[in-house]
Number of protein chains: 2
Amino acid sequence: MIRIGILGYGNIGRGIEAAVAAAPDMELAAIFTRRDPASVAVKTPGAPVVNVADLEAWTDKVDVMMLCGGSATDLPEQTPAYAKLFNVIDSFDTHAKIPEHFANVDKAAKESGHLGMISGGWDPGMFSLNRLYANAILPNGSDYTFWGKGISQGHSDAVRRIEGVADAKQYTIPVESALEQVRSGSNPELTTRQKHTRECFVVLKDGADAAAVEKAIKEMPNYFDEYDTTVHFISQEELNEKHSAMPHGGFVLRTGSTGWDNENKHVIEYSLKLDSNPEFTGSVLVAYARAICKMAAEGQTGCVTVFDVAPKYLSPESNEYLRAHML
Amino acid sequence: MIRIGILGYGNIGRGIEAAVAAAPDMELAAIFTRRDPASVAVKTPGAPVVNVADLEAWTDKVDVMMLCGGSATDLPEQTPAYAKLFNVIDSFDTHAKIPEHFANVDKAAKESGHLGMISGGWDPGMFSLNRLYANAILPNGSDYTFWGKGISQGHSDAVRRIEGVADAKQYTIPVESALEQVRSGSNPELTTRQKHTRECFVVLKDGADAAAVEKAIKEMPNYFDEYDTTVHFISQEELNEKHSAMPHGGFVLRTGSTGWDNENKHVIEYSLKLDSNPEFTGSVLVAYARAICKMAAEGQTGCVTVFDVAPKYLSPESNEYLRAHML
């Protein structure tokens, strides 16, 4: 059994916990938290909850440590630090800082003889893989990524920071007609506004000015000003009742052509439709934990990404079984 | 530059030739044929055409030999034989015989220090990969594969063997309502008849009995008897004009659930829409030739499949570039 440690018990941590319970070849070693362990109620019967201060005592009881902190401040510190003690996986998603983060984790993991993987999940992660496969197959073509329909945590947070807003959820929605244009192979050039719309459900504080809030949302630089945004004002009860789930998903397409005169067109499409973004993300990370464990057992050290992991390592089945039943 | 040899100059061989021409890091070393080389006109300016009898003289002029024979009789002989001389790739697609073929190629390639890959293309190939990834992520779920709309070579051949048939093409067509049922996450159990229909365009020989031909098609065991089949009788001119292209494609879906009570549903879908089946297949094989070349340079020998190949090897870009731009 592969022994999984989970550091951080938020949405992703809970998603990983459920995925470990569903895996035939894994067990939860412990959940590590910065909080008082006595205050954390976990779902797995009998699973230890341990304060991060005591983490070093677990180095030979955990095969892969799943790091569930945030990309802004937690992971740039945590992943290199814990790669000195464990094989690790994170879901670092600050695209611009991936090269720097990779270098830091690679150095720490190589020095200590561990294997680390960064930027797992579905984007970065499964969407990245599909971009790479499709680009390698169709060098002459164009890439398109659409996200949603789903809750964007970052945009929801941005709305909640506006004065007069008590609570809010923001949905990113792909524009169906743009998707159809891409699928037709017409290779359109699409602006930000043409690809996605945004829809906000907002609870106002008592006495707040709805018109001012709506204006502040729609004109917010980077987050909303380049999009067509719809704002709905609703009660906290309605927000809780109808918008507490965490659906997400999206589409990765590559259209391209082959032939001596580029006369033949092709469309490669990968899509996800997810009821629970954190549970699906946790499920991807757990499959990669299996891979990291096997690759570390083969002697690999340093940092890898989804690009470096041969697909066979993700499955609990033998290579013989995979060839006979899935090829 | 990676030097590619092509053995067999049929549809797939020509698809590979076009893909090599489109690759920034490859060149065509030679095309090998069982025919008289003087009778074979190839598209690549200046490319040598060589009789297979002279193949051994090319062992240090070809980095990867692409084997384009048929799965029934050619490849079971050719792939192990040529793996003694070259790194090789084939698109062997007789699913039931993959374990045996793998063992034969593995033995020959290991003994001679070469690397071979079998069963490349899109099914087996990209569809297999998507089945594996999706199964690893969602262990609790169901797999669905739909093919088409596209020309099935095997079914077209079967129709052409019927008495009274001069020529024919057969299209495999996925049933849209079945696809929609699967996408809804309702996890349907679908019969063969519910998943695909078949459509035949048939040119009759002079004096042939159309009703008898239609009956023979629709009742043909294994090929047609389990499907709803439509038969159209047309002229040879119309067949040549409207049905000479080789489109194909299909859909690989996995639907599954996560959560402690399996309360969250997810749909993973991969699809291909291809104007030219052989050119797309050739493009996949050429990306894997790049991978095989790099993996052989790292010292790997024996037989592999798409499951064993880390995605990074497929791209002409550096690992640093891929992490910075595609992750």
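In the block above lies the structure referred to throughout.
Since we're looking at a predicted model, the values are computed, not measured.

Student: Kindly report on the overall build of chain A, identifying the contributing residues and their values.
Tutor: Looking only at helices and strands, one finds eleven helices and 14 strands in chain A. Computed over the C-alpha atoms, the radius of gyration of chain A is 22 Å, within 12% of the 20 Å expected from 2.2 N^0.38 for a compact globule of 327 residues. If one aligns the C-alpha atoms of chain A with their principal axes, the spans along those axes are about 65 × 55 × 35 Å. Looking at chain A as a whole, 58% of its 327 residues qualify as buried. A separation of at least 24 residues holds for 68% of the contacts in chain A among residues at least 6 apart in sequence. Summed over its atoms, the accessible surface of chain A is roughly 13400 Å², and 47% of this surface lies on carbon and sulfur atoms. Charge-centre separation for chain A: the mean point of 30 positive side chains lies 1 Å from the mean point of 43 negative side chains.

Student: Explain the environment of B:K312 residue by residue, including any values.
Tutor: Here B:K312 lies in the loop between strand 14 (302-304) and helix 11 (319-325). Residues B:K312 and B:N264 lie 48 residues apart in sequence; the distance between their C-alpha atoms is 32 Å. Within the local environment of B:K312, its side chain forms a polar contact with the side chain of A:D308, the two groups lying 3.3 Å apart.

Student: So, the environment of B:E100: which residues are in play, and what are the values?
Tutor: All names here are of chain B. Relative to the helices and strands, E100 resides in helix 3 (residues 98-112). The exposed category is assigned to E100, whose relative accessible area is 53%. Through-space distance from the C-alpha of E100 to that of P76 is 9.1 Å; in sequence the pair is 24 residues apart.

Student: An account of the relation of the copies chain B and chain A is needed here, citing residue identities and associated values.
Tutor: Expressed as a screw transformation, the operator carrying chain B onto chain A has a rotation angle of 180 degrees and an axial translation of 0.0 Å, and the superposed copies differ by an RMSD of 0.0 Å. Given the turn and translation reported, the copies of this chain are related as if by a two-fold rotation axis. In terms of C-alpha distance to the rotation axis, chain B has B:A310 as its closest residue, with the C-alpha 1.9 Å off the axis. Same-surface contact between copies: 100% of interface residues of chain B are shared with the interface of chain A.

Student: Pulling in residues and values, what's your account of unusual backbone geometry?
Tutor: Trans is the prevailing form of peptide bonds, just as negative phi is the prevailing case for residues other than glycine. Note the cis peptide between B:D123 and B:P124, where omega equals 5 degrees. Take B:P124: it is sitting in the loop between strand 6 (115-117) and helix 4 (126-137). Backbone torsion omega between B:G148 and B:K149 reads 0 degrees, so that peptide bond is classified as cis. In this fold, B:K149 is placed in the loop between strand 7 (141-147) and strand 8 (150-151). Even without a glycine there, the phi angle at A:S119 is positive, about 60 degrees.

Student: Account for the sheet that holds strand 9 (residues 165-174) of chain B, naming residues and giving values.
Tutor: All names here are of chain B. Reading across from one edge, 8-9-10-11 is the order of the four strands in this open sheet, with mixed pairing throughout. Of all strands in the sheet, those with a lone pairing partner are strand 8 and strand 11 (228-233), marking the two edges. The strands that helix 5 (residues 153-160) touches are strand 8, strand 9 and strand 10 (196-204); relative to strand 9, the one it contacts most, it runs at about 145 degrees. Helix 8 (residues 210-218) contacts strand 9, strand 10 and strand 11 of the sheet and is inclined by roughly 150 degrees relative to strand 11.

Student: Quick rundown of the interface of chain B and chain A? Include the residues and the values.
Tutor: Facing 67 residues of chain B, the contacting portion of chain A comprises 67 residues. A combined buried area of about 5800 Å² lies between chain B and chain A, and 66% of that area is made up of carbon and sulfur atoms. Residues A:D308 and B:K312 are paired through a salt bridge, measuring 3.3 Å at the closest nitrogen-oxygen approach. There are 25 residue pairs in polar contact (both at pLDDT 80 or more) connecting chain B and chain A. Broken down by secondary-structure element, the contributors of at least two residues to the side of chain B that touches chain A are helix 1 (11-22), helix 3, helix 4, strand 13 (264-274), helix 10 (277-297) and helix 11 of chain B. In terms of residues, the side of chain B that touches chain A owes the most to one element, strand 13 of chain B, which gives eleven residues. Taken together, the residues of the side of chain B that touches chain A break down into 35 nonpolar, 17 polar and 15 charged. Pairing of strand 13 (residues 264-274) of chain A with strand 13 of chain B, which is carried by nine bridges, proceeds in the antiparallel orientation.

Student: Give a description of the packing of aromatic side chains that names residues and reports values.
Tutor: The tally for this structure, following the rule as stated, stands at nine aromatic pairs over all chains. Among the aromatic residues, those joined into a ring-pair cluster are A:W122, A:F127 and A:Y270. A cation sits over an aromatic face here: A:R323 above B:F102, 3.5 Å from the ring centre. A cation sits over an aromatic face here: B:K195 above B:F146, 5.2 Å from the ring centre.

Student: Any chance you could break down the pattern of salt bridges for me, citing the residues and the numbers?
Tutor: Enumeration according to the criterion identifies 36 salt bridges over all chains in this entry. Here A:K107 and A:E111 are joined by a salt bridge, their closest N and O atoms 3.2 Å apart. Taken as a pair, A:K107 and A:E111 lie in helix 3 (residues 98-112) at a separation of four residues, close to a single helical turn. Judged by relative accessible area, A:E111 falls into the exposed class, the value being 60%. Of the charged contacts, one joins B:R160 and B:D167 as a salt bridge, the two residues approaching to 3.6 Å between their closest N and O atoms. Taking the relative accessible area as the measure of exposure, B:D167 reaches 17% and is therefore buried. Via salt bridges that share partners, A:E176, A:E180, A:R183 and A:E269 belong to a single interconnected network.

Conventions we followed
Residues numbered from 1 in each chain as written. Chains lettered and ligands numbered in written order. Predicted model: local features only at pLDDT ≥ 70, side-chain atom pairs only at ≥ 80, totals over all residues. Heavy atoms only, no water. Helix = DSSP H or I, 4+ residues; strand = E, 2+ residues; numbered from the N terminus. Rg over C-alpha atoms; globule rule 2.2 N^0.38 Å. Buried < 20%, exposed > 50% of the residue type's maximum accessible area, 1.4 Å probe, protein only. Contact = heavy atoms within 4.5 Å. Areas by Shrake-Rupley, 256 points an atom, 1.4 Å probe, with all protein chains shown as cover. Lys, Arg positive; Asp, Glu negative; His and termini not counted. Charge placed at Lys NZ, Arg CZ, Asp CG, Glu CD. Polar contact = N/O pair within 3.5 Å; in protein donor to acceptor, adjacent residues only side chain to side chain. Least-squares fit on C-alpha atoms with pLDDT ≥ 70 in both. Pairing = 2+ DSSP bridges. Axes fitted to C-alpha atoms, helices over the stretch in contact; angles between N-to-C directions. Buried area = accessible area lost by both parts, 1.4 Å probe. Salt bridge = Lys/Arg side-chain N within 4 Å of Asp/Glu carboxyl O. Nonpolar A, V, L, I, M, F, W, Y, C, P; charged D, E, K, R; others polar. Phe/Tyr/Trp six-rings, centres within 6.5 Å; stacked < 30°, edge-to-face > 60°. Lys NZ or Arg CZ within 6 Å of the ring centre and 35° of its normal.

Taken by themselves, the reported measurements are silent on function.
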